[in-house]
Amino acid sequence: MNTKILIADDDATTRMLLRTTLEKLGYQVEIACDGDQAWSALQAPEAANLAILDWLMPGVTGPDICRKLRGRKNGPYVYVILLTAMDKLNDLVQGIEAGADDYIAKPFNSQELSARLRAGRRILDLQHELLAVQTELEIRATHDGLTGHWNHAAIIERLANELDRAGREKTPVGVILFDLDHFKQVNDTCGHSVGDQVLRESAHRIKAVLRPYDLVGRYGGEEFLVVAPRCDLPSAAVVAERVRKAVCATPIVTPAGRLLITLSAGVSGATVENMREASVLIDDADRALYRAKELGRNRVECDGKITSLTTARGASE
């Protein structure tokens with residue numbers, strides 16, 4: 001957890017006393033002489049997540065900074081203690097309502113300040129843990145546990161998003177549906193643990209030869225769906241052929257021996273003139289995949305607009 005703390009006060013003596021006290025407590029101290037400097041410091045990439053702000057400062061006041069912090073949509077939470085000579089209940093309530101987490105009166109007591117900061121750090125630690133759990137839950141909700149790629153629902157959602165963006169930017173989108181050939185035989189003869197290993201390694205090989213911004217998800221079972229932004233149908237066919245070669249280039253080493261795995265692919269695409277829905281593109285790719293299976297497997301077929309992959313294969317070699 002970040003141990004940096006921001007002190008913002010226009011009084012040099014108060015700043016010096018605070019700095020000395022906080023450095024003895026082990027904090028890395030950052031100084032701001034007014035509200036404008038404080039607000040700028042809190043927007044920096046490595047900003048402190050603890051702040052002691054004077055209530056009244058030139059420029060932006062302490063409560064105003066609290067309002068700005070609580071009003072922003074992004075950025076980590078900053079725990080704010082207002083330093084104030086005000087002791088009227090109404091004033092203190094206004095400070096808390098502005099978004100301050102706590103307050104301490106001037107002149108401050110070092111033991112009280114230390115205790116209030118410990119309370120703030122406990123809250124920040126708890127929030128950090130909650131955010132980590134939230135991130136983990138989001139990953140589990142959107143990713144396939146075996147391969148680490150997007151799961152069925154997530155890859156379809158991302159295809160829909162790419163189609164929306166392609167429609168705005170007037171660019172094509174390629175869709176490729178892959179299926180591992182004879183995968184049931186691997187499970188039946190070698191066991192499901194070996195089958196899982198084959199799926200993981202195949203998924204890794206697929207991802208390894210895609211562009212950084214291509215998207216891949218486990219569509220279901222031994223099927224993978226790839227979304228290739230800015231790829232027309234011939235270009236997507238080249239991508240599919242590159243993946244096909246990568247998967248079958250070398251056998252996969254398993255406890256059951258070295259298994260040579262191949263896959264078949266069906267390709268479809270949306271163009272500027274024909275920006276189809278996600279479900280239509282997947283159906284088109286599925287029909288092309290079915291044709292690849294019928295024609296002997298370990299091959300790439302397109303949705304009818306390209307009936308032969310000769311030119312695509314030539315371009316990829």
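Please read all numbers here as calculations on a predicted model, not as lab measurements.

Chemist: Just to check I follow, could you spell out the sheet that holds strand β3 (residues 50-54) for this structure?
Modeler: Backbone hydrogen bonds hold the strands of a sheet together, and the pairing may be parallel or antiparallel. A sheet is described by the order of its strands in space; here five strands give the open sequence β2-β1-β3-β4-β5, paired in parallel fashion. Strand pairing shows two members of the sheet lacking a second neighbour, β2 (28-32) and β5 (102-105), which therefore form its edges. On average, each strand axis in the sheet is inclined to that of its neighbour by 20°, with strand direction left out of account. Alignment of strand β4 (residues 79-84) against β5, held across four bridges, turns out to be parallel. Along β5, the bridge assignment pairs Ile81 with Asp102. Sitting on the sheet, helix α2 (residues 35-42) is in contact with β1 (4-8), β2 and β3, with an inclination near 160° to β1.

Chemist: Could you clarify how one ought to interpret the environment of Thr189 in this entry?
Modeler: Its place among the elements puts Thr189 in helix α7 (residues 183-190). Residues Thr189 and Val133, 56 residues apart in the sequence, show an inter-C-alpha distance of 39 Å. Here the side chain of Thr189 touches Gln185 through a polar contact of 2.7 Å, landing on its backbone oxygen.

Chemist: Looking at this structure, I do not really get the confidence of the model for the protein. What am I missing?
Modeler: Low pLDDT means the predicted coordinates in that region are not meant to be read closely. Per-residue confidence for the protein averages 90 on the pLDDT scale, and 93% of its residues sit at or above 70. When mean pLDDT is compared element by element in the protein, strand β8 (residues 223-229) scores highest at 98, while helix α11 (residues 310-316) scores lowest at 35. Below a pLDDT of 50 lies the segment residues 305-317, which in the model reaches 22 contacts outside its immediate sequence neighbourhood of four places, other chains included.

Chemist: When you look at the sheet that holds strand β11 (residues 263-270) in this model, what are you seeing that I'm missing?
Modeler: A sheet is described by the order of its strands in space; here five strands give the open sequence β7-β8-β6-β11-β12, paired in mixed fashion. Since the sheet does not close on itself, it has two edges, and those belong to β7 (215-220) and β12 (300-302), each with one partner. Taken over all neighbouring pairs, the strand axes of this sheet differ in orientation by 20° on average, direction set aside. Here β7 runs beside β8; their pairing, made up of five bridges, is antiparallel. Paired with Leu215 across the two strands is Val227, which belongs to β8.

Chemist: I keep staring at the pattern of salt bridges and nothing clicks. Help me out?
Modeler: Pairing is possible between side chains that carry opposite charge, provided their charged atoms lie close to one another. The full count for this structure, using the stated rule, is 23 salt bridges. Arg299 serves as the salt-bridge partner of Glu301, at 2.8 Å between the closest nitrogen and oxygen. Residue Glu301 is classed as buried on the basis of its relative accessible area, which comes to 4%. Take Arg299: its relative accessible area is 24%, and that puts it in the partly exposed class. Through salt bridges with shared partners, one network takes in Arg276, Asp284, Arg287 and Asp303.

Rules and cut-offs
- Residues numbered from 1 in each chain as written.
- Predicted model: local features only at pLDDT ≥ 70, side-chain atom pairs only at ≥ 80, totals over all residues.
- Heavy atoms only, no water.
- Pairing = 2+ DSSP bridges.
- Helix = DSSP H or I, 4+ residues; strand = E, 2+ residues; numbered from the N terminus.
- Axes fitted to C-alpha atoms, helices over the stretch in contact; angles between N-to-C directions.
- Contact = heavy atoms within 4.5 Å.
- Polar contact = N/O pair within 3.5 Å; in protein donor to acceptor, adjacent residues only side chain to side chain.
- pLDDT = per-residue confidence, 0-100.
- Salt bridge = Lys/Arg side-chain N within 4 Å of Asp/Glu carboxyl O.
- Buried < 20%, exposed > 50% of the residue type's maximum accessible area, 1.4 Å probe, protein only.

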